[in-house]
Amino acid sequence: MTIDVVTIFPTMVEAVLQAGVVGRAIAGGTLDVKVRDLRDFTSDRHRVVDDVPYGGGPGMVLKPEPIFRALDAIEAERGAPLTVLLLSPQGRRLTQAWAEELSRAAHVVLLCGRYEGVDERVSARVTEEVSIGDYVLSGGELPALVVLDTVARQVPGVVGDDQSVAEDSFSRGLLDHPHYTRPVEVEGRDGTPLRVPEVLLSGHHAEIRRWRKREAVGRTLARRPDLLAGAALDEDERDILRELVAERDRGVGDGRD
Ligand code: 4HQ
């Protein structure tokens, strides 16, 4: 998969892309990321990318022509119409399901805005606007990196173990179960022993699987009940959910708070 990122902060984007799983996928050629400096597509001596808003008001707006020239250059290189994703709080909210869909594309362009936003006429070249959530950031670079990371993880070969990606809790619409590692006991703030749940030390793999399902379903019911409507639960998980809901409705505590 190839991802073009158009930004006025190419070094910021490149720095993040060096690290971790995505960095390795780029170094190994599984993923091709091209970071394009929007200023390279200006035509004036000062490489100006922004201007004051028509109608007045605070802040600056990204000019359309450098963006058009950048997209023209990418399109000429690809020799095909582009899928252009503009990062914007006005966009469609990014979900795991959408990220999985995007990962099946051969190519996408991530267009990062800055300042108050992008001249509206750029929308003529935008396939879809993407929001990563209802909060305001200083620019589209961090959202673009979020989209890139979650899409890249779904590309075969990017994460070492394809099975772990497929089984990722969010792919199934559930929160994850708790994780523990050594040592088996650590000391809490007031000296209370904090132990790993006994079942995980038992070596009973069927019991461990059941415990993890119960934890995942229980946490989802307690913290994100909205997810359950769209979750792909297996038969065990559906049974567990029915039990937990019945307990909740009878007012039985589960020790979660
Ligand atoms: N911004 N999800 C403002 C975001 C954002 C978000 C990107 C800040 C665009 C102009 N993008 N610029 N939240 O806050 O995607």
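Below is a short write-up of the structure. (Residues numbered from 1 in each chain as written. Predicted model: local features only at pLDDT ≥ 70, side-chain atom pairs only at ≥ 80, totals over all residues. Heavy atoms only, no water.)

Another aspect to go through is the overall build of the protein chain. From N to C terminus, the protein chain includes eight helices and 10 strands. Taken over C-alpha atoms, the radius of gyration comes to 23 Å for the protein chain, far larger than the 18 Å a tight globule of 257 residues would show. For the protein chain, the C-alpha atoms occupy an extent of roughly 70 × 45 × 40 Å along the three principal directions. Expressed as a percentage of the 257 residues in the protein chain, the buried residues total 40%. The long-range fraction of contacts in the protein chain, counting pairs at least 24 apart against all pairs at least 6 apart in sequence, stands at 72%. (Helix = DSSP H or I, 4+ residues; strand = E, 2+ residues; numbered from the N terminus. Rg over C-alpha atoms; globule rule 2.2 N^0.38 Å. Buried < 20%, exposed > 50% of the residue type's maximum accessible area, 1.4 Å probe, protein only. Contact = heavy atoms within 4.5 Å.)

Glancing now at the sheet that holds strand E3 (residues 50–51). Reading across the sheet, the three strands line up as E3-E4-E7 and stay open at both edges, with mixed pairing between neighbours. Edge positions in the sheet fall to E3 and strand E7 (117–118), since each of these pairs with one other strand and no more. (Pairing = 2+ DSSP bridges.)

Note: strands within a sheet are paired through backbone hydrogen bonds, in either parallel or antiparallel orientation. Pairing is parallel in the open sheet, where five strands are placed in the order E2-E1-E6-E5-E8. Since the sheet does not close on itself, it has two edges, and those belong to strand E2 (32–37) and strand E8 (128–131), each with one partner. Here the strands of the sheet are splayed against their neighbours by 35° on average, with no regard to which way each runs. Of the strand pairs in this sheet, strand E5 (residues 84–93) and strand E6 (residues 107–111) are connected by three bridges, and their pairing is parallel. Considered in E6, the bridge of Leu85 is made with Leu110. (Axes fitted to C-alpha atoms, helices over the stretch in contact; angles between N-to-C directions.)

A cis amide bond links Arg182 to the next residue, Pro183, at an omega of 5°. Take Pro183: it is sitting in the loop between helix H6 (162–167) and strand E9 (185–187). Of note, the phi angle at Arg47 is positive, near 55°, even though the residue is not glycine. Note on placement: Arg47 falls in the loop between E2 and E3.

Before going further, it helps to examine the pattern of salt bridges. Tallying each qualifying case throughout the model produces 22 salt bridges. Note that Arg47 is salt-bridged to Asp37, the shortest N-O span being 3.9 Å. Of this pair, Arg47 sits in the loop between E2 and E3 while Asp37 sits in strand E2, and the two are 10 residues apart along the sequence. Look at Arg47 and you get partly exposed, because its relative accessible area is 33%. When its relative accessible area of 16% is taken as the criterion, Asp37 is described as buried. (Salt bridge = Lys/Arg side-chain N within 4 Å of Asp/Glu carboxyl O.)

We now examine the site of the ligand. Close to the ligand lie 17 residues; Ser88, Ile132, Gly133, Tyr135 and Leu137 are nearest. The separation between a nitrogen atom of the ligand and a polar main-chain atom of Gly133 is 3.1 Å. Look at the ligand: alone it shows 360 Å² of surface, and the protein chains cover 95% of it. Those elements giving two or more residues to the shell around the ligand turn out to be E5 and E8. The greatest single-element share of the shell around the ligand, amounting to three residues, is contributed by E5. Broken down by class, the residue content of the shell around the ligand amounts to nine nonpolar, seven polar and one charged. (Near = heavy atom within 4 Å. Polar contact = N/O pair within 3.5 Å; in protein donor to acceptor, adjacent residues only side chain to side chain. Areas by Shrake-Rupley, 256 points an atom, 1.4 Å probe, with all protein chains shown as cover. Nonpolar A, V, L, I, M, F, W, Y, C, P; charged D, E, K, R; others polar.)

Quick look at the packing of helix H1 (residues 10–17) against helix H5 (residues 141–153) now. Where H1 meets H5, the axes come as close as 10 Å, and the angle between the chain directions of the two elements is 30°. By the angle between their axes, H1 is roughly parallel relative to H5. For H1 against H5, the interelement crossing comes out right-handed. Together, Met12, Val13, Val16 and Leu17 of H1 and Glu141, Leu142, Leu145 and Leu148 of H5 make up the contact between the two elements. Broken down by class, the residue content of the contact of H1 with H5 amounts to seven nonpolar, no polar and one charged. (Parallel < 35°, antiparallel > 145°, perpendicular 65-115°, else oblique. Left-handed = near helix turned anticlockwise from the far one by under 90°.)

This part takes up a nonpolar patch on the surface. Residues Tyr135, Leu137 and Leu142 make up a contiguous nonpolar surface patch of roughly 280 Å² in combined accessible area. On the secondary structure map, Leu137 appears in the loop between E8 and H5. By relative accessible area, which is 37% here, Leu137 ends up partly exposed. (Patch = residues over 30% accessible without salt bridge, like charges linked within 9 Å, V, L, I, M, F, W, Y side chains within 5 Å.)

Time to look at the side chain of Asp4. The topology assignment puts Asp4 in strand E1 (residues 2–7). Polar side-chain contacts of Asp4 include one of 2.6 Å to the side chain of Arg36. Those residues in contact with Asp4, other than ones at most four positions away along the chain, are Lys34, Arg36, Ile74, His107, Val108, Val109 and Leu110.

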